[in-house]
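# Structure assessment
Here's the letter readout for the chains.
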Amino acid sequence: MTAKEIARRADEAGLRLVRFLWCGNDGTVRAKASARHGLEGRLERGIGVTVAMQAMNGLDQLQPVPDMGPVGEYRLVPDLETFRELPYAPRSGALLTDHLNLDGTPAAVCQRSFLKRMEATLAERGLVLEAAFENEFSLAARVAGAYVPVDSGLCFSTIAMTASQDFADALAGALEAQGIVLEQYYAELGHGQQEISTGHAPALRAADEQVLVRETIRGVASSLGLVASLAPKPWPDNAGNGGHVHFSLWEGERNRFYDGGLSELARAFIAGVLAHLPGLCGLTAPSFNSYRRIVPRYWAGAYTCWGLDNREAPVRVASPYWNREEGSYNVELKACDSSSNPHLALAGTIAAGLDGIARRVEPGEPATIDPAKLPEGSVERLPASLEAVLALLESDEALTRAMGAEMTSTYLRFKRSEIDAYAGADPEQVAAEHRYKF
Ligand code: GLU
Ligand code: MG
């Protein structure tokens, strides 16, 4: 699509504002919007944004990162293919953007450009990563200032489904209007907990759509006077919200994860993901509260292991559909949540998997039971805090090489500031703050 075509569509739809979106290191989706006046030029040349935003943590506290203070500018340059009219915001459209330096090159800290680099590395092997996100979220009403779940129904219960049926219908309609394929919807385990799965797409498009899906979930809820939270643990004692990623590697029309069963390539990719998982979690489950979610017996994958249809394993090989085995064969990473930047989460997963392929590592035997029940010492627990995963990310050569030195140091400093901000805080207070951030 060209800038001219988008401007024409904006006129036809009567749009007044077009949001230039980006997702920051803190998983917050932020935007600057262009009015109709000057839209074409901004679509072509972007909108300026202070370099400081990349160093602004999830509490809007500017971190002391070199060259990310009050002086300096990036351009938010949109990918015109991502243009959508927004069904949940009046007369508004949106696009995903890259962070470019003023000379037009991708900024070292641009998460979307990192994912493009990883896609290009896969392409050198003739491979494309297809991915889909599965979003769990909690739907609540604000009653006298409190955040009250819309139901107390049971897992998959139709009573819970009924409680949210108007919301679910509006959500399905809003996704459809944006050309995002909805696969399934249900009310899940926790109070007010909902889940949707959307169709798979090549990595960059999957990450872009994940941003749009999060925006849609929250936007539709807000338009109905509700609050949807994708926070990993909106209540300390209720079920957590995962943002599981399903993925497979394709070469043309062939799913290379499948050769009548789990292929060698898939095994090596899984082994790479497992080998790097403790550090990778710094990208896929990167908020202070992520580690209240990733605990044993909550089906979030708290041990470094994989399994076939094992929902306590962070890496699960999912049973394929009958008569569509090749098309549906995929692996799920459960140690991922929606406080992540989806571009970083997918880029990191590719870097980990590629390292497994390059080194031809073996994933070992799959766990056939709940890993919590395995004999002590036979399976490793994933790190139980943000602090621990960041230390492992910092020392993970494959991941930090893929990210690049500047992105790594900015990211670590930024994330560590969240640890400082929440250290010693009461779990209820942390949950309450995260509720409205994601
Ligand atoms: N709610 C779980 C999580 O935090 C996942 C439950 C499921 O297997 O769908 O990841
Ligand atoms: Mg679920």
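Residues numbered from 1 in each chain as written. Chains lettered and ligands numbered in written order. Predicted model: local features only at pLDDT ≥ 70, side-chain atom pairs only at ≥ 80, totals over all residues. Heavy atoms only, no water.

### Notes on the overall build of the protein
To be explicit about the condition: Helix and strand assignments come from DSSP, with helices taken as H or I runs of at least 4 residues and strands as E runs of at least 2, each series counted from the N terminus. Radius of gyration: C-alpha atoms only; globule rule: 2.2 Å multiplied by the number of residues to the exponent 0.38. Burial classification: accessible surface area is computed with a 1.4 Å probe over protein chains only, and a residue below 20% of its type maximum counts as buried, one above 50% as exposed, and the rest as partly exposed. The contact definition used throughout considers only heavy atoms, calling two residues in contact when any of these lie within 4.5 Å. To measure how exposed things are, a 1.4 Å probe is used in the Shrake-Rupley method; for residues, cover is taken only from the protein chains shown. Working convention for charge: Lys and Arg count positive, Asp and Glu count negative, and His plus the chain ends are omitted. Positions of charges follow a simple convention, taking NZ of Lys, CZ of Arg, CG of Asp or CD of Glu.
What the protein contains, in helices and strands, is 14 helices and 17 strands. Relative to its length of 438 residues, the protein is compact, with a C-alpha radius of gyration of 21 Å against a globular reference of 22 Å. Projected onto its principal axes, the C-alpha coordinates of the protein cover approximately 65 × 50 × 50 Å. Split into buried and exposed, the 438 residues of the protein put 59% on the buried side. Within the protein, counting contacts between residues at least 6 apart in sequence, those at least 24 apart form 71% of the total. As displayed, the protein offers around 17800 Å² of accessible surface, 51% of which is attributable to carbon and sulfur atoms. Each charge sign in the protein was given a centre, from 42 positive and 56 negative side chains, and these centres are 4 Å apart.

### Notes on the site of ligand 1
To keep things clear, this is the line we draw: Any residue with a heavy atom lying within 4 Å of a molecule or strand is counted as near it. Polar contact is defined as a pair of N or O atoms within 3.5 Å, subject to the rule that within protein one atom must be able to donate a hydrogen and the other to accept it, and that residues adjacent in sequence are counted only when both atoms are side-chain atoms. We call Asp, Glu, Lys and Arg charged. Ala, Val, Leu, Ile, Met, Phe, Trp, Tyr, Cys and Pro are nonpolar, and the rest, Gly among them, are polar.
Residues in contact with ligand 1, as listed here, are E136, E188, E195, G240, G242, H244, R293, Y298, W299, A300 and K334. Between ligand 1 and the protein, one listed contact pairs an oxygen atom with a side-chain N or O atom of R293 at 2.7 Å. Separating an oxygen atom of ligand 1 from a side-chain N or O atom of K334 is a distance of 3.0 Å. For ligand 1, the accessible surface in isolation is 300 Å², of which the surrounding protein chains cover 90%. When grouped by side-chain class, the residues that make up the shell around ligand 1 number three nonpolar, three polar and five charged.

### Points about the environment of L392
Looking at the secondary structure, you find L392 in helix α11 (residues 386-394). Placed 111 residues apart in sequence, L392 and C281 show a C-alpha to C-alpha distance of 9.1 Å. With sequence-adjacent residues up to four places away left out, L392 is seen in contact with P278, G279 and P383.

### Quick notes on the pattern of salt bridges
Spelled out, the test is: Here, a salt bridge means any Lys or Arg side-chain nitrogen found within 4 Å of an Asp or Glu carboxyl oxygen.
Summed over the entire model, instances satisfying the criterion amount to 23 salt bridges. Residue R9 is joined to E85 by a salt bridge in which the shortest nitrogen-to-oxygen separation is 3.7 Å. On the criterion of sequence distance, the pair formed by R9 in helix α1 (residues 3-13) and E85 in strand β5 (residues 84-85) is long-range, its members being 76 residues apart. Of the residues examined, E85 reaches a relative accessible area of 32% and is grouped as partly exposed. In this structure, E209 and R84 form a salt bridge, with 3.3 Å as the shortest nitrogen-oxygen distance. Placement of E209 in helix α6 (residues 203-223) and of R84 in strand β5 is noted, with a sequence separation of 125 residues between them. On the accessibility criterion, E209 (10% relative accessible area) is buried.

### A word on the domain arrangement of the protein
Often, the extent of an interface is quoted as the loss of accessible area on bringing the components together. Rule in force here: Domain ranges listed in this record stem from an automatic or a database domain assignment. Here's the idea: put two parts together, see how much 1.4 Å probe accessible area each one loses, and the total over both is what we call buried area.
What the domain assignment reports for the protein is domain 1 (3-105) and domain 2 (117-435). Placing a centre on the C-alpha atoms of domain 1 and another on those of domain 2 gives a separation of 25 Å. Summing both partners gives a buried area of about 2200 Å² for domain 1 against domain 2, and 64% of it is carried by carbon and sulfur. By the criterion of area lost to domain 2, the three top residues of domain 1 are N25, R84 and Y88, representing 31% of everything that side buries. When residues of the side of domain 1 that touches domain 2 are traced back to their parent elements, those giving at least two are β1 (17-23) and β5. Counting residues per element, the side of domain 1 that touches domain 2 draws most heavily on β1, at three residues.

### Observations concerning helix α7 (residues 264-284)
Using the following cut-off: Expected span of a helix, by definition, is 1.5 Å for each gap between consecutive residues, and there is one gap fewer than residues.
The end-to-end C-alpha separation of α7 is 25 Å, well short of the 30 Å expected for 21 residues at 1.5 Å each. The buried fraction of α7 is high, at 19 of 21 residues.

### Looking at the packing of α7 against α11
Selection rule: Lines are fitted to the C-alpha atoms to define the axes, a helix being fitted only along its stretch in contact, and any angle between axes, read from their N-to-C directions, falls within 0 to 180 degrees. For classification, angles of less than 35 degrees are called roughly parallel, those exceeding 145 degrees roughly antiparallel, those between 65 and 115 degrees roughly perpendicular, and all remaining angles oblique. Crossings are classed by handedness, with left-handed meaning an anticlockwise turn of the near helix from the far one by less than a right angle and right-handed meaning a clockwise turn.
At a closest axis distance of 7 Å, the pairing of α7 and α11 adopts a crossing angle of 110°. For the element pair α7 / α11, the angle class is roughly perpendicular. With respect to the hand of their crossing, α7 and α11 are arranged in left-handed fashion. Touching P278, G279, C281, G282 and L283 of α7 are V389, L390, L392 and L393, all from α11.

### With respect to the nonpolar core
Side chains of a nonpolar character, in soluble globular proteins, are inclined to be buried together. Worth spelling out the cut-off: Remark: nonpolar core denotes a set of buried residues (Ala, Val, Leu, Ile, Met, Phe, Trp, Tyr, Cys) joined through side-chain atoms within 4.5 Å.
L129, F247, L249 and L346 are the most contacted members of the largest nonpolar core, which has 72 residues in total. Here this core gets eleven residues from one element, more than from any other, and that element is α7. Residues in contact with L249, not counting those within four places in the same chain, are L122, L127, V128, L129, R254, N255, R256, F257, L265, F269 and I357. In terms of nonpolar packing, the next biggest core, distinct from the first, is built from 26 residues, L171, L212, V213 and V220 among them.

### Digging into helix α3 (residues 111-124)
The first and last C-alpha atoms of α3 sit 20 Å apart over 14 residues, in line with the 20 Å expected at 1.5 Å per residue. Among the residues making up α3, those that are buried are Q111, R112, S113, F114, L115, M118 and L122. A positive backbone phi angle near 75° is found at G126, which sits one or two residues after α3.

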